[in-house]
Amino acid sequence: MTNDTSGDVRLSGISKTYGSFTAVHPLDLTVPQGSFFALLGASGCGKTTTLRMIAGLEEPSSGTVHLGEQDVTALPPYKRPVNTVFQSYALFPHLDIFENVAFGLRRRGIKSVKKQVEEMLDLVQLGEQARKKPHQLSGGQQQRVAVARALINHPKVLLLDEPLGALDLKLRRQMQLELKRIQTEVGITFIHVTHDQEEAMTMADTVAVMNAGRVEQLGSPNDLYENPSTTFVANFLGTSNFIEAEVDSKSGDDIVLKAGGGKLVLPESRCGAPTTTGGKVLVGVRPEKISLTHADEAGEIPEGRNRITGRIADSSFIGVSTQYVVDSPVCPEFEVYAQNIDRDARLVPGADVVLHWNPAHTFGLDAAQS
Ligand code: ATP
């Protein structure tokens, strides 16, 4: 751990309005020095606008931007210790790779650039390509040149605006790991904008999920997946089943809920809803946490598991698992998806089944706010 806070990014009440439209509602956010932070959300949710306000490319309608201790709100982009990598690499086509990377140093009047440029090209593993022109490189290599060019002046913060959006899936996956490695090596703050939840989860240590100009939830990828605080976050990061339930009683650290004619157990620590008797809770459980047992064998299900009954409506084999659609009386408006690795020949459409899972894998949302 380091006590260096010069790469902290602190947004205090920043917002952006265009006429009567609010692209970003007042936002408070602190990104600690050295973290790999992702702004994740669907198109139009305000993530690029937020990034551009950090870069100084967009003037906030209210609020302040601090980098370390310095209030940079009024500073133009080039005076901020920040650089940005865009989806379009924007390399200079007539310059070779070496000169593209050297550009920022030369512009500052630095004459002996060789050592620094070579170090930077080694960092992005393009030392061998120094004398090629951008068009002679692959998309992934060109994006690495753009990263090297953005890092050459040692910014405190690197902003990445959908940098992998133009790459095909395989290359994108490689570049995700590559960017993560580069960030670990240089140790500066990376703020990465993406609409791809898998990308954010793979790369970032902290993710802010944005929706309609607001941060809906902030946390580690694991936190967001295991403990989403809204249905939007639960659905944006994967798939979730939801069951409408009502608080019945408490039992130790657990809440007992009524759902249909049955009962479900939810650890109180995983409940984001009021836990007073009669309170409405939306119970969520991820499809891969659910097991399916044929109704004839329900007696073999271990004690202590949440269970609901249902009837298989559909099943499809998708390689590593089988995906089932199950109709259940406790969630008449939803179908339940379950993945069952042990393929049981009797788990076919029309079969009566019991869906069961460990209560620790349940999360509870406030039904009134979801
Ligand atoms: P995308 O992934 O599509 O880039 P985003 O989440 O980055 O989306 P922003 O580019 O931040 O979204 O835009 C947020 C909202 O603000 C959008 O509805 C957009 O149309 C609007 N917006 C952005 N720039 C302007 C502008 N200059 N004038 C008016 N509206 C704008």
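Residues numbered from 1 in each chain as written. Predicted model: local features only at pLDDT ≥ 70, side-chain atom pairs only at ≥ 80, totals over all residues.

Going by the annotation in an unreviewed UniProt entry, the name recorded for the protein is Spermidine/putrescine import ATP-binding protein PotA, with Streptomyces ferrugineus given as the source organism. According to the UniProt record, the Subunit (unreviewed entry) comment for the protein is "The complex is composed of two ATP-binding proteins (PotA), two transmembrane proteins (PotB and PotC) and a solute-binding protein (PotD)." UniProt, in its Function (unreviewed entry) section for the protein, records the words "Part of the ABC transporter complex PotABCD involved in spermidine/putrescine import. Responsible for energy coupling to the transport system." (UniProt positions renumbered as here; feature names shortened; annotations may be inferred.)

J.: Please explain the UniProt feature "domain: ABC transporter" (unreviewed entry) in the protein as it appears in this structure.
T.: According to UniProt, the positions carrying the feature "domain: ABC transporter" (unreviewed entry) are residues 9-237. As a span, residues 9-237 carries 35% helix and 27% strand, and end to end its C-alpha atoms are 25 Å apart. (Helix = DSSP H or I, 4+ residues; strand = E, 2+ residues; numbered from the N terminus.)

J.: Looking at this structure, how should I read the site of the ligand?
T.: Around the ligand, a shell composed of Y18, F21, A23, G41, S43, G44, C45, G46, K47, T48, T49 and H195 is seen. The set of elements that each furnish at least two residues to the shell around the ligand consists of β2 (21-31) and α1 (47-55). Among the elements that take part in the shell around the ligand, α1 stands out by supplying three residues, more than any other. Class assignment for the residues of the shell around the ligand results in four nonpolar, seven polar and one charged. (Near = placed C-beta within 6 Å. Nonpolar A, V, L, I, M, F, W, Y, C, P; charged D, E, K, R; others polar.)

J.: For this particular structure, what's the right way to read the sheet that holds strand β11 (residues 241-251)?
T.: Sheet strands pair by backbone hydrogen bonding; their relative direction is either parallel or antiparallel. Strand order across the open sheet formed by five strands is β13-β12-β11-β14-β20, with antiparallel pairing between neighbours. Edge positions in the sheet fall to β13 (262-267) and β20 (362-366), since each has one partner strand and no second. Each adjacent strand pair in this sheet contributes to an overall mean axis angle of 45°, direction not counted. Here strand β14 (residues 280-285) pairs with β20 via five bridges, running antiparallel. Bridging across to β20, V283 finds its partner in G364. (Pairing = 2+ DSSP bridges. Axes fitted to C-alpha atoms, helices over the stretch in contact; angles between N-to-C directions.)

J.: Would you take a moment to explain the domain arrangement of the protein for this structure?
T.: We note that the domain assignment places domain 1 (9-235) and domain 2 (239-366) within the protein. Computed from C-alpha coordinates alone, the two centres of domain 1 and domain 2 are separated by 40 Å. The interface of domain 1 with domain 2 comprises seven residues on the first partner and eight residues on the second. For the side of domain 1 that touches domain 2, the class distribution of residues is two nonpolar, five polar and no charged. (Domains from an automatic or database assignment. Contact = placed C-beta atoms within 7 Å.)

J.: Explain α1 here, please?
T.: Structurally, the α-helix is built with 3.6 residues per turn, so residues lying three or four positions apart point the same way. Among the nine residues of α1, eight are classified as buried, and the element is accordingly described as predominantly covered. Among all positions in α1, only K47, T48, T49, T50, L51, R52, M53 and I54 are buried. (Buried ≥ 20, exposed ≤ 12 C-beta atoms within 10 Å, placed from the backbone.)

J.: What's the story with the sheet that holds strand β10 (residues 214-219) in this structure? I'm lost.
T.: One open sheet holds the six strands; their spatial order is β6-β7-β8-β3-β9-β10, and the pairing between them is mixed. Both outer strands of the open sheet, β6 (82-86) and β10, are each paired with one neighbouring strand and no more. Sheet twist, expressed as the mean angle between neighbouring strand axes with direction ignored, is 20°. Of the pairings in the sheet, the one linking strand β9 (residues 206-211) to β10 comprises five bridges and is antiparallel in character. Bridge pairing in β10 places M210 opposite V215. Across the sheet, helix α4 (residues 139-151) touches β6 and β7 (157-161), and the angle it forms with β6 is around 170°.

J.: When you look at the environment of Q136 in this model, what are you seeing that I'm missing?
T.: On the secondary structure map, Q136 appears in the loop between α3 (114-123) and α4. A C-alpha to C-alpha distance of 9.9 Å links Q136 and I97, two positions 39 residues apart in sequence.

J.: Please explain unusual backbone geometry as it appears in this structure.
T.: Among all residues save glycine, negative phi is the norm, and among peptide bonds the norm is trans. With phi around 45°, E162 is a residue other than glycine that occupies positive phi space. The phi angle at A212 is positive, at roughly 45°, despite the residue not being glycine. Mapped onto the elements, A212 comes out in the loop between β9 and β10.

J.: Whenever I open this one, the pairing of strand β3 (residues 36-40) confuses me. Can you help?
T.: The two faces of a sheet get side chains in turn, since along a regular strand they alternate between them. The buried count for β3 comes to five of five residues, which makes it a mostly enclosed element. Covered by surrounding structure in β3 are F36, A38 and L40 together with F37 and L39, the residues of both alternating faces. Of the pairings in the sheet, the one linking β3 to strand β8 (residues 189-194) comprises five bridges and is parallel in character. In the sheet register, F36 faces β8, and the bridge partner there is F190. In terms of strand pairing, β3 meets β9 through four bridges, oriented parallel.

J.: What's the story with the environment of H154 in this structure? I'm lost.
T.: For H154, the position within the fold is in the loop between α4 and β7. Between the C-alpha atom of H154 and that of V82, which follows or precedes it by 72 residues, the distance is 8.7 Å.

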